[in-house]
Amino acid sequence: MSEILPFRISTHLKDVIGRDLVTNEFVAVFELVKNSFDAGATKVHIEINPDNDRLTIVDDGKGMSASDIKKKWLFVAYSAKADGTEDDETEDYRDKIRASGNYAGSKGIGRFSCDTLGTNLKLFSKSDKGKKKTSQLTVDWEKFENDSQTEFEEIKVDLDPDSELPHVETVAPLSGSGTVLEISGLRHRWDFERVQRLRSYLAKLIDPFGTTESAVVSSTLVGFTGDEGNVNGPIKNDIADVLKDKTARISVSITDDEIVSTLVDRGRLIYKISEPSTYTALAGSEVSGETYYLNRSAKQTFSTRMKVRPVEFGSIFLFLNGFRVFPIGEEFDDTFGLNRRKQQGQSRRLGTRDVLGRVDVSAPLRMFREASSRDAGLIEDAHSRELIDAILKQMILRLERYVVGVNWPDKADQERETDEGLHSDPAKLRILQIIGGLARSQDIEILKYDENIVELADAREDASRKALKDLMIIAEREGDEHLLKRIEETKSRIAELERSEQEAQQEAKRLAEERARSDARISQLVRQTEFLAASQDLDAERIQLLLHQVNIYSGHIHSGTDRALNTARNSLEMLNEVDDMEPDDLLDLAGSFRHDIRQLMDDISYIRLENDRLQSVSRFAPNIRVDLDTNEIKGDLIAFLTEYFDVMIGDENNFPKPSFDGGGLEFQCTFSPFDLAVVVDNLIDNARKARAQNISFSTRKAKSEKRIEMLVVDDGVGLDSRRLDPTRIFEKHYSATVGGTGLGLYHVSQVLNDMGGKIELDNTSEAGRADFVITISEK
């Protein structure tokens, strides 16, 4: 027969939901302050008396009756806030900063923070209803620690329903309701430095930007006679005043239907926009925040005024219904992934060291849940993920786009705390491009913008024309005739400047062409090289070796051509028999035909490579000190490439324009100049097909001294990952360009493999780029 049994609860539960859960003494004090605010307190005072080994917290909240203490406070893990029975008859501090019904804590375990702070607790509370008697609860936490075999309910506490409020040395007696927590047997040494840290901690948790006026938290260190402003008095920051009008900032408000963003740079309104909200998981909540960008000047101002470096103070703080969600915003916290992003692009992304801000979320109870450990942030779910995404995209990345696009190109702007750098034409153009980008979006309504950006003295670049066109979209959308007139005036002024410059440019071009022709001729006459010697005598023996080498390559080409013709002939003969074949025979024919086509493509690939080598021989073999019998030379490979780019292809006017940087390195080895020419020429031709204007080859040291690496970068269209697989671009006949043969990169890879080297895509480049790393080993 079954037996109905209850759980037994060990006294060790006290540690599990107390000292083991709230391990930080500062978090413990904060938990108790949160409870005071939830009780409607407008004043909370913390008195620390090291001589008496006592920490006292006094609040003027609604207090508790003896019945409340018995039914609620002594009911482990019970929360009146969670079950909706918390008295809300009066409008208190919490009502002013949160939606009604939401409280700072709702787990019913904050009371055990007292155990984290000391071994003994005396709780005095006077209710705001009934006979207003003071109830006193006395708890000795060490009784719970004697024997974990003892059941929790066996440990008794003392409740006196008719007591008196204690005298607190540094705060006036409570005239009405309120609560006094008197904690003794302190577990930490509360000296000047620790109290300073507590105040700094509470300031960040409760009011990091000094924007709250309806509740005051203060502290006193009894017996301290120094500069009392450091540890005594109200706890508050004035960061908003420190940073106001000294840096770029963005303010964002997110509701169910709308997102409103306002960007201001050092007191100057850049834009204010509105767009529909797509964050469905945030429905029913309100999110607002302000994020500041910290340039070097702002960081210096912050450090001087706040007596702490910004990185040590924190980054983007998150507040849920008026109270800080810890540890989001702490020095080493990266909840928004900013530092991970910055590692991928140091010069174009913001990190936690570059921003400071506060985000306030007002949400229904349990929509966002804090982890019980109090220092693990929000529990991850659909709501919290969308909140983090909204903060990142709307309040950080949008500020980042402005800062990186407008402020960073002007290096001197890092040292400014005024907007003087925004008055130049380049800065106006950069701002115009940012606003123009917003104007192109059909979902964004531009409410306000900086009209001074229209006053451009010179905007002849394509980017300037496009930005002015974007601004016209705004003017036409709003029917702003005045703005349209100003834009037309700017265009007329620019057109006049262009006409004035055109004649001068034509004359300058003519003179430059003449000078270039002269310089090229002089360069050709005086150029002396180590490998390429234009004055080399072609004696009979060398001519014979040269012809021998040409015959070798032409023989290879002849053999490949014969094979290709035979394959084509066989395929044609098979096709002539199609009309008389049965269906099964046709399937066999298709297989044979596919085999012949593959063989034909292989033969053409072989012919193409041998022809490239033959062209290399014909281009400069007569003028190079090479052993034509072996096709190789021994010397400095980097010096040869320098001369090859300078002498053989450097003077060509075709695009892309090639360049080579040897990096001041030297690499002695035996190599084939003809094969190196095939590699270089094919990569240049590949860049041409990608519509590149420039292609650069730069050499760098490899990890091994017996290898070098060469980085190949062009400014072409790159790789279209939607059309091709980047992992296959070195395969034979797999083309990375429309209409290509798929042989160029394959031949480059084949030649380098024969040399003991290799070519790979540069995995450090951005996705879609066609940048390569060539490794060449010493033979």
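The structure we're discussing is the one just above.
Keep in mind that what you see is a predicted model, and the values were worked out from it rather than measured.

Asker: How should the sheet that holds strand 3 (residues 118-126) be read in this particular structure?
Answerer: Sheets are built from strands paired through backbone hydrogen bonds, the pairs being either parallel or antiparallel. Overall, mixed pairing links the eight strands, which are arranged 5-4-3-6-2-1-7-8 in an open sheet. Each edge of the open sheet is held by one strand with a lone partner, namely strand 5 (158-163) and strand 8 (233-234). Here strand 3 pairs with strand 4 (residues 134-140) via seven bridges, running antiparallel. When the bridges of strand 4 are listed, serine 125 appears paired with serine 135. The sheet contacts of helix 2 (residues 25-38) involve strand 1 (43-49), strand 2 (54-59), strand 6 (178-186) and strand 7 (216-221), and relative to strand 1 the element is tilted by about 150°.

Asker: Before we go on, may I ask you to explain the nonpolar core in this structure?
Answerer: Most often, soluble globular proteins keep nonpolar side chains buried together rather than apart. Core analysis: the largest hydrophobic core is formed by 51 residues, its most contacted members being Leu318, Phe336, Val361, Phe368, Leu387 and Tyr402. Looking at this core element by element, the count peaks at twelve residues for helix 12 (residues 382-407). Not counting residues within four places of it along the chain, the set of residues in contact with tyrosine 402 comprises Ala248, Leu263, Asp265, Ile270, Asn407, Leu422, Ile431 and Ile434. If you look at the next biggest cluster of nonpolar residues, it comprises 46 residues, including Val22, Phe30, Leu137 and Phe326.

Asker: Help me out: how do you make sense of the pattern of salt bridges in this one?
Answerer: Per the counting criterion, the structure on display carries 31 salt bridges. In this structure, the salt-bridge partner of arginine 369 is aspartate 381, at a minimum N-O distance of 3.5 Å. Separated by twelve residues along the polypeptide, arginine 369 in the loop between strand 15 (355-362) and helix 12 and aspartate 381 in the loop between strand 15 and helix 12 bring together distant segments of the chain. Owing to a relative accessible area of 35%, arginine 369 belongs among the partly exposed residues under this scheme. Exposure remark for aspartate 381: the relative accessible area of 15% places this residue in the buried category. With a closest N to O distance of 2.7 Å, aspartate 410 and arginine 416 form a salt bridge. For the pair shown, aspartate 410 and arginine 416 are each scored as buried. Residues joined in a network through salt bridges with shared partners are Asp265, Arg266, Asp410, Asp413 and Arg416.

Asker: In this structure, what is going on with the sheet that holds strand 12 (residues 286-293)? I would like to understand it.
Answerer: In spatial order, the strands read 14-13-15-12-9-10-11-16; together these eight strands make up an open sheet with mixed pairing. Two strands in the sheet have a free side with no partner beyond their single neighbour: strand 14 (323-324) and strand 16 (445-449). Sheet contacts for helix 13 (residues 425-439): strand 11 (268-276) and strand 16; angle to strand 11, the most-contacted strand, approximately 15°.

Asker: Just checking my understanding: could you explain the side chain of threonine 134 for this structure?
Answerer: By the secondary structure assignment, threonine 134 is in strand 4. When sequence neighbours within four positions are dropped, the list of residues in contact with threonine 134 reads Phe124, Ser125, Lys126, Asp160, Pro161, Asp162, Ser163, Glu164 and Leu165.

Asker: Whenever I open this one, the environment of aspartate 715 confuses me. Can you help?
Answerer: Assignment of secondary structure puts aspartate 715 in the loop between strand 21 (707-714) and helix 20 (744-754). The class of aspartate 715 is partly exposed, set by a relative accessible area of 40%. Through-space distance from the C-alpha of aspartate 715 to that of arginine 691 is 8.1 Å; in sequence the pair is 24 residues apart. In contact with aspartate 715, not counting residues within four places along its chain, are Ala692, Gln693, Asn694 and Arg769. Here glutamine 693 takes part through its backbone nitrogen, which lies 2.7 Å from a polar atom of the side chain of aspartate 715. Within the structure, aspartate 715 has its side chain in polar contact with the backbone nitrogen of asparagine 694 (distance 3.0 Å).

Quick notes on the rules
- Residues numbered from 1 in each chain as written.
- Predicted model: local features only at pLDDT ≥ 70, side-chain atom pairs only at ≥ 80, totals over all residues.
- Heavy atoms only, no water.
- Pairing = 2+ DSSP bridges.
- Helix = DSSP H or I, 4+ residues; strand = E, 2+ residues; numbered from the N terminus.
- Contact = heavy atoms within 4.5 Å.
- Axes fitted to C-alpha atoms, helices over the stretch in contact; angles between N-to-C directions.
- Core = buried A, V, L, I, M, F, W, Y, C linked by side-chain atoms within 4.5 Å.
- Buried < 20%, exposed > 50% of the residue type's maximum accessible area, 1.4 Å probe, protein only.
- Salt bridge = Lys/Arg side-chain N within 4 Å of Asp/Glu carboxyl O.
- Polar contact = N/O pair within 3.5 Å; in protein donor to acceptor, adjacent residues only side chain to side chain.

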